[in-house]
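Notes for the structure review
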Amino acid sequence: MQAFYSPTRIIAGDGAVAGAAGLIQKFGKTALLVTGKASARVSGALDDVIRVLKANGQDYALFDRVGPNPSVETVFAGAAFSIEHKCDFCIGIGGGSPLDAAKAIAAFAAETPKKEDVFLHIPKIALRLVAIPTTAGTGSEVTQYAILTNDQEETKTSIASDALFPALALLDPRYTVGLSVETTVNTAIDALSHAAEGMLSVKAGEITDALAIDALGLISSRFSALRAGEFTEDDRRALLLAACLAGQVIANTGTTAVHALGYSLTYDRHIDHGRANGLVMGAFLRAVEAKSKRSVARILRAMRLKSTEDFCVLLEDLFGKVSLTDGEVSKYARKAAKTKNMKNLIVSLNEEELSGILTASRAGGAYGKVW
Ligand SMILES: [Fe+2]
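Residues numbered from 1 in each chain as written. Predicted model: local features only at pLDDT ≥ 70, side-chain atom pairs only at ≥ 80, totals over all residues. Heavy atoms only, no water.

**So, the packing of aromatic side chains**
- Under the counting rule described, the total for this entry stands at four aromatic pairs.
- For the pair Tyr-5 and Phe-165, a centre-to-centre distance of 5.4 Å together with 85 degrees between the ring planes defines the contact as edge-to-face. Here Tyr-5, found in the segment before β1 (9-12), pairs with Phe-165, found in the loop between β7 (155-160) and β8 (168-171); they are 160 residues apart in sequence, far enough to count as distant.
- Residue classification places Tyr-5 among the partly exposed residues on the basis of a relative accessible area of 44%.
- With a centroid separation of 5.5 Å and an interplanar angle of 50 degrees, the aromatic rings of Phe-63 and Phe-81 are classed as tilted. Here the residue Phe-63 occupies a position in strand β3 (residues 59-63), and Phe-81 occupies one in helix α5 (residues 72-84), the gap between them amounting to 18 residues. (Phe/Tyr/Trp six-rings, centres within 6.5 Å; stacked < 30°, edge-to-face > 60°. Helix = DSSP H or I, 4+ residues; strand = E, 2+ residues; numbered from the N terminus. Buried < 20%, exposed > 50% of the residue type's maximum accessible area, 1.4 Å probe, protein only.)

Here it is in structure tokens:
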């Protein structure tokens, strides 16, 4: 038996925002626009949204203070801004950080928790949300997760609630055309990790596997473009679609050890989320393969790769390795072992095995020798 839930209406293709003008008009009177400083503007998405709102006769207030890996303080400031401007719906525009912040702001504007309870509080209501991705990776536009920096635990922690599912996701691949090679590669590998981890989740089933296999196929068909750092419009379309499919996967399966380990690399070492995942994913697949060869074989087949070794070579080409001290290895493994993500994984990996993954991923570590 499998339960699958994906309540977000998706409009995809060139001109998606203009095409959704009629839908946006029904959302409310005053939109809270949540963005970072650059990508919403540079991509042209913010201009498109403002044009539609003006034509619809809707007001808006712009909260453009979301940085990478948004903090609880930023989200509270956004919620207060929304209340002050009497916004009755929210439009998040940007990569994973603005979209995740938009979700938390939409929830906290509707019902503000105590600051110390943020990661314990499960939002029950939120302003209706439109999500417009300008990167192809996080899948946040179709998930119920808002991932925020958790300074108390020194990591990133997700708030999850069905109230956080965007009502509408608008996917226009033209917004991703100007992304740097680095961002394109990092976000594509984040989406790849969502699909692969989704297939290795205890909550996986036929529906999520179908989506994950399709996402892996779409991304792997662009491996040569990712290696070369050159992307056609068709590559952009494929990567944006893959990220959305993989987002629907993790909305139902959750993520596992790659994300659990990657969060520490991001919090402690300021390594971009997608790159952090890419640095550990090769050794992770090897570790899982040692316990469940068939599961990993299905993932490799979907990516049209012959072996985990080929996968490790690809990731090392894209990301290299990471320098980690022995102390960092034990600290990050200890933290990851305690996360709820680890309970999702179809095989069990203990703290020592998680240390092994990090050791194999660091400079001087060899994927082949550890497992
Ligand atoms: Fe991710």
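**Describing the pattern of salt bridges**
- Counted under the stated rule, the structure contains 16 salt bridges.
- Measuring nitrogen to oxygen at the nearest pair gives 3.9 Å for the salt bridge that ties Lys-335 to Glu-154. Taken as a pair, Lys-335 in helix α15 (residues 326-337) and Glu-154 in the loop between β6 (145-150) and β7 lie far apart in primary sequence, 181 residues in all.
- With relative accessibility at 35%, the residue Glu-154 sits in the partly exposed group.
- Put simply, Arg-298 and Asp-209 hold a salt bridge, and the shortest N to O gap is 2.9 Å. Of this pair, Arg-298 sits in helix α13 (residues 293-302) while Asp-209 sits in helix α8 (residues 206-220), placing them 89 residues apart in sequence.
- Each member of the salt-bridge network shares a partner with another, and the members are Glu-154, Asp-268, Lys-331 and Lys-335. (Salt bridge = Lys/Arg side-chain N within 4 Å of Asp/Glu carboxyl O.)

**Considering helix α6 (residues 96-110)**
- The terminal C-alpha atoms of α6, which comprises 15 residues, lie 21 Å apart, in line with the 21 Å expected from a rise of 1.5 Å per residue.
- In terms of burial, α6 is a largely internal element, 14 of the 15 residues being buried. (Expected span 1.5 Å × (residues − 1).)

**A few points about the coordination of the iron ion**
- Binding of the iron ion to the protein goes through Asp-190 (OD), His-194 (NE2), His-259 (NE2) and His-273 (NE2), at separations of 2.2 Å.
- Here the donor residues for the iron ion map to a single chain with the spacing D-x3-H-x64-H-x13-H. Here His-259 is found in helix α11 (residues 257-269), whereas its partner His-273 is found in helix α12 (residues 273-289), with 14 residues between them in sequence. With respect to class, His-259 is no different from His-273; both count as buried. (Donors = N, O, S within 2.8 Å, 3.2 Å for Na, K, Ca; no water.)

**Notes on empty space enclosed by the protein**
- Going through the model one piece at a time under the given rule, you end up with two cavities of 30 Å³ or more.
- Of the voids in this model, the largest cavity is the one considered here, and its volume is about 40 Å³.
- Every element with two or more residues in the lining of the largest cavity is listed here: α7 (181-199) and α10 (233-253).
- Of all the elements, α7 adds the most residues to the lining of the largest cavity, at three residues.
- Tallied by class, residues from the lining of the largest cavity come to four nonpolar, three polar and one charged.
- Of the voids in this model, the second largest cavity is the one considered here, and its volume is about 40 Å³.
- If you go around the second largest cavity, the residues you meet are Asp-14, Pro-173, Arg-174, Val-177, Glu-233 and Arg-237. (1 Å grid on protein atoms, 1.4 Å probe; cavity = no way out; pocket = protein on both sides within 12 Å on 5 of 7 lines; lining within 4 Å. Points joined across faces, edges and corners; volume = space filled by probe spheres on them. Nonpolar A, V, L, I, M, F, W, Y, C, P; charged D, E, K, R; others polar.)

**Concerning the sheet that holds β8**
- Across the sheet, six strands lie side by side as β1-β8-β5-β4-β2-β3; this open sheet has parallel pairing. In this open sheet, the two strands that pair with only one neighbour each are β1 and β3. Put simply, the sheet's adjacent strands are angled 20 degrees from each other on average, direction ignored.
- Strand direction decides the pairing type here: strand β5 (residues 128-133) and β8, joined by two bridges, are parallel. Within the sheet, the bridge partner assigned to Val-130 lies in β8 and is Leu-168.
- Against the sheet, α6 contacts β2 (30-34), β3, β4 (89-94) and β5, and its axis sits at roughly 165 degrees relative to β4. (Pairing = 2+ DSSP bridges. Axes fitted to C-alpha atoms, helices over the stretch in contact; angles between N-to-C directions. Contact = heavy atoms within 4.5 Å.)

**Things to note about the side chain of Ser-161**
- Along the chain, the position of Ser-161 falls in the loop between β7 and β8.
- The exposure class assigned to Ser-161 is buried, which follows from its relative accessible area of 8%.
- For Ser-161, the side chain forms a polar contact with the main-chain oxygen of Pro-123, separated by 2.5 Å.
- Excluding anything up to four places from it in sequence, Ser-161 contacts Ile-122, Pro-123 and Gln-144. (Polar contact = N/O pair within 3.5 Å; in protein donor to acceptor, adjacent residues only side chain to side chain.)

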